[in-house]
Amino acid sequence: MATIRVERADGRTVDEIEWKAEELEIVERPNGAAAAAILSAGFGALVLGLLASLSEASTAAHDWFDFQARVGPLSGKTIMSVVAYVASWAVLAPVMWKRSFALNTVFVIAAVLIGAGLVGTFPKFFELFAPE
Amino acid sequence: MEVSNRETWAALHGMFFGAIFLIAFAGGLAGLWSLRPEWVTVNGIRERMFRLKVGVSVMAAVAWVTVVTGTWIVYPWYRAAPPEDATDLSKYPRSLLLETPGKEQWHTFGMEWKEHVAWMSPILATAVAFIVLYYGNQLIVDKKLRYASIVLYILAFAAAGVAGALGAFITKAAPIL
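Let me sum up the structure you'll find in this document. Think of each chain on its own: its residues are numbered from 1, step by step along the sequence as written. The order in which chains are written sets their letters, starting at A; the order in which ligands are written sets their numbers, starting at 1. The predicted nature of this model means local features are confined to residues of pLDDT at least 70 and side-chain atom pairs, given and counted, to a pLDDT of 80 or more, with totals for whole chains, interfaces and linings taken over all residues. Hydrogens are left out, water is left out, and the side-chain values use all remaining heavy atoms of the structure.

A separate point is the side chain of Ser55 of chain A. Helix and strand definitions here come from DSSP, where helices need a minimum of 4 consecutive H or I residues and strands a minimum of 2 consecutive E residues; each element is numbered from the N-terminal end. Looking at the secondary structure, you find Ser55 of chain A in helix H1 (residues 32-57). Two residues form a contact once any of their heavy atoms are found within 4.5 Å. Setting aside anything within four residues of it in sequence, one finds Ser55 of chain A in contact with Ala61, His62, Phe65, Pro73 and Lys77 of chain A.

Right, here's the structure in full:
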């Protein structure tokens, strides 16, 4: 408990604001729901990177990703990445929801997935797969 | 002074949504960082948690709106192919960059990276928004989850930052008219 004591100009001392000790009850939830959200985000990022590289490496894939002509292959790559992200979350969440996991392991896996996804979206990387 | 439909959408995509994104990120990050038991009172937690939930939700929603408008509204104007006999490429930014010596890399590197990496942002921001909305006050005592959320949140911002900065430079080199 802490008090803010104010000494007024007329010499009076007043406790202007008094902080009272209060209790906050927190009911802990298993971390599985968070783990599922983090891993599926990592998976979505990975798929985005993989599809960016695949589209560069394969003309057939490049053409297949052309879901919307005005947008070009980016339409297919982004739609499929979001579908992979949502689908993986839909699969992982019910399985992991009421369980708890070693979060350090989850973080390492997510870091690898996101890191690989970032590398896959980097032009200097995916251009390595471009046909001669 | 006249602003075309294309310029309006480009400004909405890059500046308006970008500004909301920045504000929401700053609020969300400050909220996540200061969510420590030694710094907050019960009343403070209630006020802070509401602000945090709004901040992370708005950031995730705006990130989705930004990439969707960018990809499906603005990007087609950027990549539109000019007619074969076109001599003025000013309305075809992609072709203008590729045909202008010294500017090719704004497309081959800049736009190629921007159009992909930007999509990381809403995906990562959504994970953070979910964690904050679902776990709420538990983040005060669950340091690991809070720190993980902060890292994901910063990564989401960094991805959007790369895309936003490249977008600004590309627009300067070849604006969408």
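What follows covers the pattern of salt bridges. Any Lys or Arg side-chain nitrogen found within 4 Å of a carboxyl oxygen on Asp or Glu counts as a salt bridge. Scanning the model with the defined rule gives two salt bridges over all chains in all. When the shortest N-O distance is used, the salt bridge between Arg12 of chain A and Asp10 of chain A registers 2.9 Å. Three labels apply to residues, based on accessible area from a 1.4 Å probe with only protein chains included: buried if under 20% of the type maximum, exposed if over 50%, partly exposed otherwise in between. On the accessibility criterion, Asp10 of chain A (53% relative accessible area) is exposed. Here Glu47 of chain B makes a salt bridge to Arg51 of chain B, at a shortest N to O gap of 3.0 Å. With a gap of four residues between them, Glu47 of chain B and Arg51 of chain B both fall in helix H2 (residues 42-79), about one helical turn apart. Exposure remark for Glu47 of chain B: the relative accessible area of 44% places this residue in the partly exposed category. What makes Arg51 of chain B partly exposed here is its relative accessible area of 42%.

Residue and element names in this part refer to chain B. Its volume calculated, the largest pocket comes out at about 910 Å³. What lines the largest pocket is a set of 38 residues, and nearest its centre among them are His13, Gly14, Lys114, Ala163 and Gly164. For the lining of the largest pocket, the element with the highest residue contribution is helix H7 (residues 143-173), accounting for 10 residues. Each residue is assigned to one class: nonpolar for Ala, Val, Leu, Ile, Met, Phe, Trp, Tyr, Cys and Pro, charged for Asp, Glu, Lys and Arg, and polar for all the others, Gly among them. Residues belonging to the lining of the largest pocket are distributed by class as follows: 24 nonpolar, 11 polar and three charged. Using a 1 Å grid laid over the protein atoms alone, points where a 1.4 Å probe fits but cannot get out form a cavity; open sets with protein on both sides within 12 Å along at least 5 of 7 lines form a pocket; any residue with an atom within 4 Å of a point counts as lining. Grid points are joined across faces, edges and corners, and a volume is the space filled by probe spheres set on the points.

This next bit is on a nonpolar patch on the surface. Note that patches include only residues with greater than 30% relative accessible area and no salt bridge, and the join distances are 9 Å for like charges and 5 Å for nonpolar side chains (Val, Leu, Ile, Met, Phe, Trp, Tyr). To be clear on the numbers: accessible area is Shrake-Rupley with a 1.4 Å probe, and residue cover counts the displayed protein chains and nothing else. A surface patch of nonpolar side chains, about 380 Å² in accessible area, is lined by Trp64, Phe67, Ile79 and Val83 of chain A. Note that Phe67 of chain A resides in the loop between helix H2 (59-64) and helix H3 (73-96).

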